[in-house]
Every structure is written in structure tokens, then in C-alpha cells.
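Descriptive structure summary
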Amino acid sequence: MIDLFYITNNLEEAKIVDDLDIDWIFIDLETIGKKERQVGRNTVLSNHSIADIDLIKGEISHTKILVRCNPIGKWSEEEFSAINSKCSEIDMVILPYFKTLEEVKIFLELLDFSKIEPALLVETLGAISNLDEILNIFPFKYIHIGLNDLNIERGTVSMFEPFIDGLMKKIVFICKKNNQNFGIGGIGKIGAELNPSPECLLNEHIRLNSKGVILSRSFKGNFNEQTKDLFKKDLSKSLKDLRNYEKIANSLDSLELLESYKFMKAKIEESIRNENF
């Protein structure tokens, strides 16, 4: 089954997530440079903090904790000192927005990887260009391919263009060549009227042998403590729908998955034409 990542620093929300079929709680410390990069975009800027790690880890028993740090910079030594001090609470730390081999080496020097698993968020063209070399310096258990910042850097219309223009094929080839587990982007609720559809995206995860996906904001709804029972019911249903469809996707043969890809490709191309019209 594909690992599911859920972004939150809300304790009550995290306790509900811990009872459901979600593998990772994603605590997002990345703030430096993100607002400037993603100005004008429909993205969420995190207000998570190091203190959230203790708060949540002490109240969950099933779900693992992934922490996204800031990109490497003059602040990194202090940040990783704080992260390493929480080594018993953190399962994995993922490095975002890196471009060079040197940045990854610094990440591995600063993180106590004897106690915390390191991971990489591949979301820049530089990271892709250097990926083959990077994957040979450390046996990463997991990397994630981020689509939003790639979309910004490339100036593409749709953030899903890597699936159809050869870029995703290139990244996946490098990962498979190096026996590297990877996940891709995020996913919305099954049945949602999105382009491409969550069903097509999940089929593509299966076709490419992706191991992880981030649950989009549509899974969160408008969480508040007064309606948390309803929230849990809705989230539970959305997860059941996703896992049930995942079983269907896993039952498709290679030709059926290829047909799904061709359909998804046509829908993405249609959305690009409409945007450019």
C-alpha cells in the first residue's frame, strides 16, 4: 500500500489521524524563502514549530512523524541542533528545495542520521540534474518528488506537466536505476472533479511504482474541535474510498494502466490549451 502523509500540527487533529489509515504525520518547519517563491500561488504557508513535535509525539502511538526542515543556509546548524535534540520523537526529516550535491552533504553532516532517517524532497531542476550522483552518496530509504516548486521554476501552466513532458519519466528512471523508493506530489479525494482526477493520479502512482503521496487540503476540510467527531467520520470515509480505489488500481494490468495514463495525458493537455486560450 502507498504511504499516506497528512500535514498538521494540531494535536486534536493528529490524535484523530493516529486512529485512521494514515502512515505519517507531516510537521512542516519550512518557512525560509517559501513565501517569496510561492507569491501569488494558492499554497499554504506553515506555522508549525519544533515545539509541535513533542506535543504530538507524546499523544500518538501508531503514526510516524516526518519533519520538513528549511533549505540549507546560515540558519541550518541551529535548526538541526534543535531537530537532533528531538531524535526520539522524529522518525524522518526531509530536506526541501536543494539544488546541489553539496547541500545534501551538509544535510547529512548536520542531521544525526544514526537516530533520524534522512529523506529528500526533489523539487528543483538542479536537484534532478544532480540526482543520480546524490543517490550514490547515501542509502536514502525515501525521497519525494515535489510538483509545486518545479512548476514555478519551469514556468509551466500545469503542475502536472512533468507526468506528460518526460521529466517524471527521467526522475523515475534515475530512481529505479538506483533502487530508490520514491513518492510523488499530493492527491485529492476520490470522486472529486479535478483535472487530472485523483483516480487517474492513483493509477499513475501504481504504474510508476510510487510509494508515497501527500493528502491534499481537501482531506482536512475545515477542522475545528467543536466538530471533530464529524471531521473524523468524513476523513475516515475519504480514506476508505482512497484505499478501496487503490485496490482497484493495483488490480489493473499494464495495458490498462497505460490507457489510464494516455487518458490523463489528454486531460492535462486539454487544461493547458484552455489556460492558454
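Placed above this text is the structure.
Now for a quick tour of the structure.

The rules we used
- Residues numbered from 1 in each chain as written.
- Predicted model: local features only at pLDDT ≥ 70, side-chain atom pairs only at ≥ 80, totals over all residues.
- Heavy atoms only, no water.
- Core = buried A, V, L, I, M, F, W, Y, C linked by side-chain atoms within 4.5 Å.
- Buried < 20%, exposed > 50% of the residue type's maximum accessible area, 1.4 Å probe, protein only.
- Contact = heavy atoms within 4.5 Å.
- Helix = DSSP H or I, 4+ residues; strand = E, 2+ residues; numbered from the N terminus.
- Arc of directions from axis to C-beta.
- Phe/Tyr/Trp six-rings, centres within 6.5 Å; stacked < 30°, edge-to-face > 60°.
- Lys NZ or Arg CZ within 6 Å of the ring centre and 35° of its normal.
- Pairing = 2+ DSSP bridges.
- Right-handed = clockwise from strand over helix to strand, strands pointing away.

Overview of the nonpolar core
- Judged by nonpolar contacts, the single largest core of 77 residues is most densely connected at V93 and F163.
- Sequence-distant contacts of F163, defined by excluding residues within four places in its chain, comprise L147, M168, I184, L201, E204, L208, Y261 and M264.
- By size, the runner-up hydrophobic cluster in this structure holds ten residues, among which are F5, L66, I94 and I214.

Focus on helix 5 (residues 101-110)
- The set of residues buried in helix 5 consists of L101, E103, V104, F107 and L108. Take helix 5 and look down its axis: the buried residues cluster within an arc of 160 degrees, on one side only.

Let's talk about the packing of aromatic side chains
- Inspection of the entire model under this criterion finds six aromatic pairs.
- Taking the centre distance of 4.8 Å and the plane angle of 70 degrees together, the rings of F113 and F138 count as edge-to-face. Within this pair, whereas F113 is found in the loop between helix 5 and strand 5 (117-122), its partner F138 is found in the loop between helix 7 (131-134) and strand 6 (143-145), the two being separated by 25 residues in sequence.
- Residue classification places F138 among the buried residues on the basis of a relative accessible area of 13%.
- Ring centres of F160 and F163 lie 6.5 Å apart, and the angle between their planes is 25 degrees; this geometry places the pair in the stacked category.
- Under the relative-accessibility criterion, F160 is labelled buried at 15%.
- These aromatic residues form a ring-pair network of at least three members: F5, W24 and Y142.
- Positioned over the ring face of Y261 is R207, at 4.5 Å from the centre of the ring.

Let's talk about the sheet that holds strand 1 (residues 3-7)
- Within the open sheet, the nine strands sit side by side as 7-6-5-4-3-2-1-9-8. Their pairing is parallel. At either margin of the open sheet sits one strand with a lone partner, and together these are strand 7 (182-184) and strand 8 (186-187).
- When strand 4 (residues 92-95) meets strand 5, the two strands line up parallel, connected through four bridges. Counted as the bridge partner of L95 is L120 from strand 5.

Considerations on the environment of G186
- Mapping G186 onto the fold places it in strand 8.
- Once residues within four sequence positions are removed from consideration, G186 is found in contact with L201, V213 and I214.

Section: the pairing of strand 1
- Relative to strand 9 (residues 212-215), strand 1 runs parallel, the two sharing three bridges. Each bridged residue has a counterpart across the sheet, and for D3 the counterpart in strand 9 is G212.
- Sheet topology note: the strand 1/strand 2 (residues 24-28) ladder contains three bridges and is parallel. Bridge assignment links Y6 to a residue of strand 2, and that residue is I25.
- Each parallel crossover has a hand, and for strand 1 linked through helix 1 (residues 11-18) to strand 2 it is right-handed.

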